[in-house]
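Spelled out, the chains give:
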Amino acid sequence: MWLGWNFVLLGALLLGLNWTLAWASNFQHHRYEELVRALFAIQSECPYITRIYSIGRSVEGRQLYVLEFSDNPGIHETMEPEFKYVGNMHGNEVLGRELLIQLSQFLCEEYRAGNQRITRLIHDTRIHILPSMNPDGYEVAASQGPEFNGYLVGRGNSREVDLNRNFPDLNTLKYYFEKTNGQNHHMPLPDNWEQQVEPETLAVIKWMQNYNFVLSANLHGGAVVANYPFDKSRDSRIRGKSTYAATPDDNIFKMLARTYSYAHSWMHKGWNCGDFFDEGITNGASWYSLSKDFNPIVHLWDVLDKQVRSMEAPPRNLQDLKDLLLISWCQIPQHHFRGLLESMPRRVRAVLAAKGGPTQYLSGMQDFNYLYTNCFEITLELSCDKFPPASVLSREWLGNREALVSYLEQVHHGIKGMVYDNNNNPIGNAEISVAGINHDVTSGVGGDYFRLLLPGTYSVTASASGYLPSTRIVTVGPAEAIELHFYLKVKEKNPNLNLHPSKKPPPTKVPLNMGPR
């Protein structure tokens, strides 16, 4: 295995200089048909390390294509982590879509050129790239183009549903379990959840169920910051205050966000798009809370706030601010107001039906990844302009290229290993718990597990139904993941049980309920 994942040199990517010149003419926006052609062109150029598959279709029937990179495409190799990038979840936030096309071309070209860093990355990782989760919304936004695209035009899918507010709400259940010492991972989904989500959301959830992803990032636009979970505040009643919502893995999420921010050409500087984020990172709930979507006015005010802050020339006085707010307000399409209002009865009914439990609405994808799967995901806001002109795509690629590769490499940190029984048979769905971190992960079908951890010494326990738990001490370094295997012994049944069964006691008579006394 390759040592030193954490100490890669930026100069390694200078081998891509020829690639940059060769592909300079391809820095353009890709409509759906052009996107499909670009993906298949890459697959044709690197057929032995790539595979194209679809995870489903959009509302309007467009395929949600994924491009996979691996030395054995289509196969999960034991002890090899799975990674994913998702772009264009909001149809009018297009930079991530173009960056992922460029990243795919880059990986293919650099592999063919013999770039050692990229070759080892592809050989040791199974990489999945979904350039567009919302192709329908993109087509709406692209029909207006960069010059006339509004802040919300094309954001949602063709039904105008915000896909990043469409995942089952598992945060509420998690926060309840924190108070009752309940389950800390793989939260159960609500009943009939498949009928409550959009086709694009359903496809992505099924994708998560079929692949044991370890690390992920979701690419957005409208700001420049690396945003980490939780997005949803623990106390939605607090308005106008910073409500940091930490996960049990808060420290490693901050490390992941910093990895991208400091490898990015300017994100780490903090000042971008009229906002300041220390080190270029933020906790989602501290920045915004998904709960505000239950109040249409709060939602619209947030839209106005972001739109005004994104202006190149900030308002100089109150009159300027008033004029900018009026202009921004008039640019919000009427159908968006109508959609917000028409959705409220549905959302309120969901809250009433839940009777204090989780609803099917108002949860984002990064929180869902952490609470439902083994995957750690952050959200990357990559540009002030949601739909930047093609002329700046080359600069944006150069600003993000090293960060995209460095973040991908973080999947190789922490610990990984196999869980076996007495006969060396792999045990799937075994729980891996780390003392002091109230969030477990599970082994895959083949018995392999992956647990992201910062450098340090940990007490790790593997357990499975019908087996005795096993605990080991491990020291994690700053380089590649430490291999830590577990061998679980079958629980022996008590031989003294049921040898002399006694007569069952007569059933206790339950008095009839005669009403209050």
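What you are looking at is a predicted structure, and each value in this text was computed from that prediction instead of being measured.

Considering the state of the cysteines
By definition, a disulfide links two cysteine residues through a covalent bond between their sulfur atoms. On inspection of all chains with the given rule, the structure shows two disulfides. Each disulfide pairs two cysteine sulfurs, and for Cys46 the partner residue is Cys108, the sulfurs being separated by 1.9 Å. Its S-S torsion of approximately 90° makes the covalent link between Cys46 and Cys108 right-handed. In this pair, Cys46 sits in the loop between helix 2 (32–45) and strand 1 (50–57) while Cys108 sits in helix 3 (residues 95–113), placing the two residues 62 residues apart along the sequence. In terms of burial, Cys46 and Cys108 fall into one category: buried. Here Cys273 is linked by a disulfide to Cys384, with a sulfur-sulfur distance of 1.9 Å. Linking Cys273 and Cys384, the disulfide has an S-S dihedral of approximately -85° and is accordingly described as left-handed. Placement of the pair is Cys273 in the loop between strand 7 (271–272) and strand 8 (275–276) and Cys384 in the loop between strand 10 (376–383) and helix 15 (393–409), with a sequence separation of 111 residues. Classification of Cys273 as buried rests on a relative accessible area of 14%. On the basis of relative accessibility, which here comes to 31%, the residue Cys384 falls in the partly exposed class. Should the bonded cysteines of the protein chain be numbered as they appear in the sequence, the pairing reads 1-2, 3-4.

Re the UniProt feature "active site" (unreviewed entry) in the protein chain
Within the UniProt annotation, "active site" (unreviewed entry) is assigned to Glu381. Topologically, Glu381 is positioned in strand 10. Relative accessible area serves as the criterion here: at 7%, Glu381 is assigned to the buried category. Setting aside its immediate chain neighbours within four residues, Glu381 contacts His220, Gly221, Gly222, Ala223, Val224, Val225, Met267 and Trp287. Within polar-contact distance, the side chain of Glu381 engages the backbone nitrogen of Gly221 at 3.4 Å.

Overview of the confidence of the model for the protein chain
Averaged over all residues, the pLDDT of the protein chain is 85; the fraction at 70 or higher stands at 78%. Across residues 1–25, confidence stays below pLDDT 50; counting only partners more than four residues off in sequence or on other chains, it has 50 contacts. A low-confidence stretch, residues 507–517 stays under pLDDT 50, and its non-local contacts, those more than four residues away or across chains, total zero contacts.

What to know about the packing of helix 9 (residues 250–263) against helix 15
The N-to-C vectors of helix 9 and helix 15 enclose an angle of 150°; their axes lie 7 Å apart at closest approach. Considering the angle they form, helix 9 stands roughly antiparallel to helix 15. Crossing angle aside, the handedness with which helix 9 passes helix 15 is right-handed. Contacts between helix 9 and helix 15 involve Leu256, Thr259, Tyr260 and Ala263 from the former and Gly399, Asn400, Glu402, Ala403, Leu404, Ser406 and Tyr407 from the latter.

Things to note about the pattern of salt bridges
Enumeration according to the criterion identifies 22 salt bridges in this entry. Here Glu68 makes a salt bridge to Arg126, at a shortest N to O gap of 2.9 Å. Here Glu68, found in strand 2 (residues 63–69), pairs with Arg126, found in strand 4 (residues 126–130); they are 58 residues apart in sequence, far enough to count as distant. As far as burial versus exposure is concerned, Glu68 and Arg126 are alike and both buried. Close ionic contact of Arg126 with Glu82 constitutes a salt bridge, the shortest N to O distance being 3.0 Å. Here Glu82 lies in strand 3 (residues 82–87) and Arg126 lies in strand 4, a separation of 44 residues in the sequence. Since its relative accessible area comes to 4%, Arg126 is described here as buried. Each of the salt bridges in this network shares a partner with another, and the network as a whole consists of Glu93, Arg155, Asp162, Arg165 and Lys386.

Observations regarding the sheet that holds strand 4
One open sheet holds the eight strands; their spatial order is 1-2-4-3-5-10-6-9, and the pairing between them is mixed. Because the sheet does not close on itself, it has two edges, and the strands there are strand 1 and strand 9 (281–283). The average undirected angle you get between the axes of adjacent strands in this sheet is 25°. When strand 3 meets strand 4, the two strands line up parallel, connected through five bridges.

Definitions and cut-offs
Residue positions within a chain follow its written sequence, with the count starting from 1. Totals for whole chains, interfaces and linings use every residue, but because this is a predicted model, local features are given only for residues with pLDDT of at least 70 and side-chain atom pairs only at 80 or more, for both listing and counting. Values reported for side chains reflect all heavy atoms of the structure, with hydrogen atoms and water molecules removed beforehand. Whenever a pair of cysteine sulfur atoms sits within 2.5 Å, that pair is classed as a disulfide. The way it works is that DSSP assigns letters per residue, a run of H or I at least four long becomes a helix, a run of E at least two long becomes a strand, and they are numbered from the N terminus. Residue burial is assigned from relative accessible area. The probe radius is 1.4 Å, only protein chains are included, and a residue is buried under 20% of its type maximum, exposed over 50%, and partly exposed in between. UniProt positions are given in the numbering used here, feature names are shortened, and annotations may be inferred rather than shown by experiment. In this description, contact between two residues means that some pair of their heavy atoms is separated by no more than 4.5 Å. We define a polar contact as two N or O atoms separated by no more than 3.5 Å, with the added condition that, inside protein, one atom must be a possible hydrogen donor and the other a possible acceptor, whereas residues neighbouring each other in sequence contribute only through side-chain atom pairs. Predictor confidence is given residue by residue as pLDDT, running from a minimum of 0 to a maximum of 100. Here an angle of 0 to 180 degrees is reported between the N-to-C directions of two axes, which are lines fitted to C-alpha atoms, with helices fitted over the stretch in contact. Each angle receives one of four descriptions, namely roughly parallel if under 35 degrees, roughly antiparallel if over 145, roughly perpendicular if within 65 to 115, and oblique otherwise. Rotating anticlockwise by less than a right angle from the far helix to the near helix defines a left-handed crossing, while the corresponding clockwise rotation defines a right-handed one. Whenever a carboxyl oxygen of Asp or Glu lies within 4 Å of a side-chain nitrogen of Lys or Arg, that contact is scored as a salt bridge. Two strands qualify as a pair provided that DSSP identifies no fewer than 2 bridges between them.

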